[in-house]
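Breakdown of the fold
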Amino acid sequence: MRQQFQAKRLPQHKGVAAWSDILGGRVSNPTLSQDEIADVTIIGGGFAGLSAARRLLQLDPCLRVVLLEAGVLAEGAAGRNSGFMIDLPHDLASDDYAGQGVAQDLRMIGLNRQAIRFAQEAVQDYKIDPNYADPVGKVNGAATAAGDAHNESYFNHLEVMGEASEKLDQQAMYELTGSRHYLSGLYTPGTLMLQPGGYIRGLGDGLSERIAIHENSPVVSIEKTLSDWTVRTKSGSVSTGKVILANNGHLESFGVAKGKLLQLFLYASMTKELDKEALEKLGGNSRWGITPSDPMGTTMRRIDSAQGGNRIITRTCATVLPGMVPNDGHLKRTSKVHRKKFDERFPQLSGMEMAYTWAGHLCLSLNGVSVMRQVEEGVFAACVQNGLGTARGTLSGIAAAELAMGETSDITAFFADEVAPKKLPPEPFATMGANTYLRWKEWRAGAE
């Protein structure tokens, strides 16, 4: 049995976490500065960690739970995504998002909808602003004939599964977005559109009334001590019966799944708040989310004042960085691409100032599996979300909590059925090959 997990590196983020920043300041939870005792200690305060905490309390309201977040809630990876909690198959490695066949996709749809219900119930229970979890659905936007063909293929796949979708023509896309860039779209109604910063903040605030949450408390080691584990930070420790690692790609930082995880960064920019003149030029609806028909294309989203201001978010470009630290050069390159993609879609707003550009950390495995299992006696992982962090993170957090408590469900069964992550090619070939492939996929996506 392994006696110690030592952190090789700690999380670092590049660019301001816009989703949190646009909501204004908040009082953070205290740093761990003493020794505490817990039944379960959770490492990571994102979708997986907070969902695990909520599920633990559902299973046993009397549990002593401590959650340790390396930074500030909603300013890490959980607050750096696009906020799409998608119910349908969304395989980023495919051409049109279709997954592993009808039977497997139907299973995944059922699980994703459990994650969405879990989030919606949390919004109710913790009195989170409902604008932060909007059941508005999303659109796959197509800007080329190839993109339209992808949408047609996906439409047929959904139809076989009995899933609702609606084809949108160019005029309908213009009326929705104010952009004539899109030739067509495919609307699906089941996506929950989050203001991820607001949702994560609200989830943390609600849970903090029943568990101990410590922010700015990165874990440096986990050590076996007699029958318990001791989780150490630089300024305190927690003696705990069980540990849940909900730190996604930083699972590898603790020596778990070494050489099997792709550390990927996606980049996004958000406009300054649109004034009255800009809104009149733009037109369209006040809220919408567009995923590209080609998974390597550009995601666009518009939010309104109830979600942090009238703004447009552009998200594209990906980089594999095994060191898990993007630099200023990455942001500079991607911000230029974002500007080009934005201007192509909204020439009436060409030159619009981008108030934020940031990098968001994802973790993938070559064969698209997660790591949700017991890694040592009393230590459980809820990691490797494969770019589907809002829904898959929620599910893996639920599953890890159930596993830690000796419970089984269709969620734990799904993860138990997954094989182990495949080993990556040796470095530097893994990173060079992955980034070359990503550049080619982005080039091929073109106007999408």
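Read on for a plain summary of the structure. (Residues numbered from 1 in each chain as written. Predicted model: local features only at pLDDT ≥ 70, side-chain atom pairs only at ≥ 80, totals over all residues. Heavy atoms only, no water.)

1. Let's talk about the overall build of the protein chain
In terms of regular secondary structure, the protein chain is built from 11 helices and 20 strands. For the protein chain, the C-alpha radius of gyration of 21 Å lies close to 22 Å, the compact-globule estimate for 448 residues. Considering only C-alpha atoms, the protein chain reaches an extent of 65 × 45 × 40 Å along its principal axes. Taking all 448 residues of the protein chain together, the buried fraction comes to 59%. Considering only contacts in the protein chain between residues 6 or more positions apart, those separated by 24 or more positions represent 77%. Total accessible area on the protein chain is roughly 17400 Å²; 52% of this is exposed by carbon and sulfur atoms. (Helix = DSSP H or I, 4+ residues; strand = E, 2+ residues; numbered from the N terminus. Rg over C-alpha atoms; globule rule 2.2 N^0.38 Å. Buried < 20%, exposed > 50% of the residue type's maximum accessible area, 1.4 Å probe, protein only. Contact = heavy atoms within 4.5 Å. Areas by Shrake-Rupley, 256 points an atom, 1.4 Å probe, with all protein chains shown as cover.)

2. Here we look at the packing of aromatic side chains
Inspection of the entire model under this criterion finds 6 aromatic pairs. Among the aromatic side chains, those forming a connected cluster through ring pairs are W288, F342 and F346. Positioned over the ring face of F155 is K167, at 4.3 Å from the centre of the ring. Between the NZ or CZ atom of R180 and the centre of the ring of Y174, over which it lies, the distance is 3.6 Å. (Phe/Tyr/Trp six-rings, centres within 6.5 Å; stacked < 30°, edge-to-face > 60°. Lys NZ or Arg CZ within 6 Å of the ring centre and 35° of its normal.)

3. A few points about empty space enclosed by the protein
Taken as a whole and judged by the stated rule, the model has 1 cavity of 30 Å³ or more. Every residue along the wall of the largest cavity is listed here: D134, V136, M193, R287, W288, G289, R301, R302 and Q307. A class-by-class count of the residues in the lining of the largest cavity yields 3 nonpolar, 2 polar and 4 charged. (1 Å grid on protein atoms, 1.4 Å probe; cavity = no way out; pocket = protein on both sides within 12 Å on 5 of 7 lines; lining within 4 Å. Points joined across faces, edges and corners; volume = space filled by probe spheres on them. Nonpolar A, V, L, I, M, F, W, Y, C, P; charged D, E, K, R; others polar.)

4. Some points on the packing of helix α2 (residues 47-59) against helix α3 (residues 102-125)
Contact geometry for α2 and α3: axes closest at 12 Å, N-to-C directions at 75°. Taken together, the axis directions place α2 and α3 in an arrangement best described as roughly perpendicular. Contact with α2, carried on its side by S51, R54, R55 and Q58, involves F118, E121, A122 and D125 of α3 and no other residues of that element. Its residues assigned to classes, the contact of α2 with α3 comprises 2 nonpolar, 2 polar and 4 charged. (Axes fitted to C-alpha atoms, helices over the stretch in contact; angles between N-to-C directions. Parallel < 35°, antiparallel > 145°, perpendicular 65-115°, else oblique.)

5. Focus: the sheet that holds strand β7 (residues 166-168)
On the basis of which strands lie adjacent, the open sheet formed by 8 strands has the order β7-β8-β6-β15-β16-β17-β14-β18 and mixed pairing. Two strands close off the open sheet at either side, each with one partner strand: β7 and β18 (354-364). On average, each strand axis in the sheet is inclined to that of its neighbour by 25°, with strand direction left out of account. For β7 and strand β8 (residues 184-188), the ladder comprises 3 bridges, and the chain directions are antiparallel. Bridge pairing in β8 links L168 to G185. Sheet strands touched by helix α8 (residues 328-345): β14 (262-271), β16 (299-303), β17 (311-320) and β18. Its angle to β17, the strand with the most contacts, is close to 135°. (Pairing = 2+ DSSP bridges.)

6. Digging into the packing of α3 against helix α10 (residues 410-417)
At their nearest, the axes of α3 and α10 sit 10 Å apart, and the two run at 135° to each other. Relative to α10, the element α3 is oriented oblique. The interaxial crossing formed by α3 with α10 has left-handed handedness. Of the residues in α10, those in contact with Q104, R107, M108, L111 and Q114 of α3 are D410, I411, A413, F414 and D417. Of the residues in the contact of α3 with α10, the class split is 5 nonpolar, 2 polar and 3 charged. (Left-handed = near helix turned anticlockwise from the far one by under 90°.)

7. Points about the nonpolar core
By size, the foremost hydrophobic cluster in this structure holds 51 residues, and its most contacted members are I42, Y199, L207 and I244. Among the elements that make up this core, the one with the highest residue count is α3 (8 residues). Leaving out residues up to four positions away in the same chain, Y199 has contacts with F47, A119, A122, V123, I128, Y132 and L194. (Core = buried A, V, L, I, M, F, W, Y, C linked by side-chain atoms within 4.5 Å.)

8. Concerning the layout of surface pockets
Estimates place the volume of the second largest pocket at around 300 Å³. Around the second largest pocket sit 18 residues that line it, and E252, G259, L261, P322 and E427 are the ones nearest its centre. Considering only residue class, the lining of the second largest pocket consists of 9 nonpolar, 4 polar and 5 charged.

9. Structural notes on the side chain of N248
Tracing the backbone through its elements, the reader meets N248 in the loop between β13 (237-245) and β14. From its side chain, N248 meets the backbone nitrogen of V384 in a polar contact 2.8 Å long. Among the polar contacts listed, one links the side chain of N248 to the backbone nitrogen of Q385, at a separation of 3.2 Å. Among all residues touching N248, those that are not within four sequence positions of it are L362, C363, C383, V384 and Q385. (Polar contact = N/O pair within 3.5 Å; in protein donor to acceptor, adjacent residues only side chain to side chain.)

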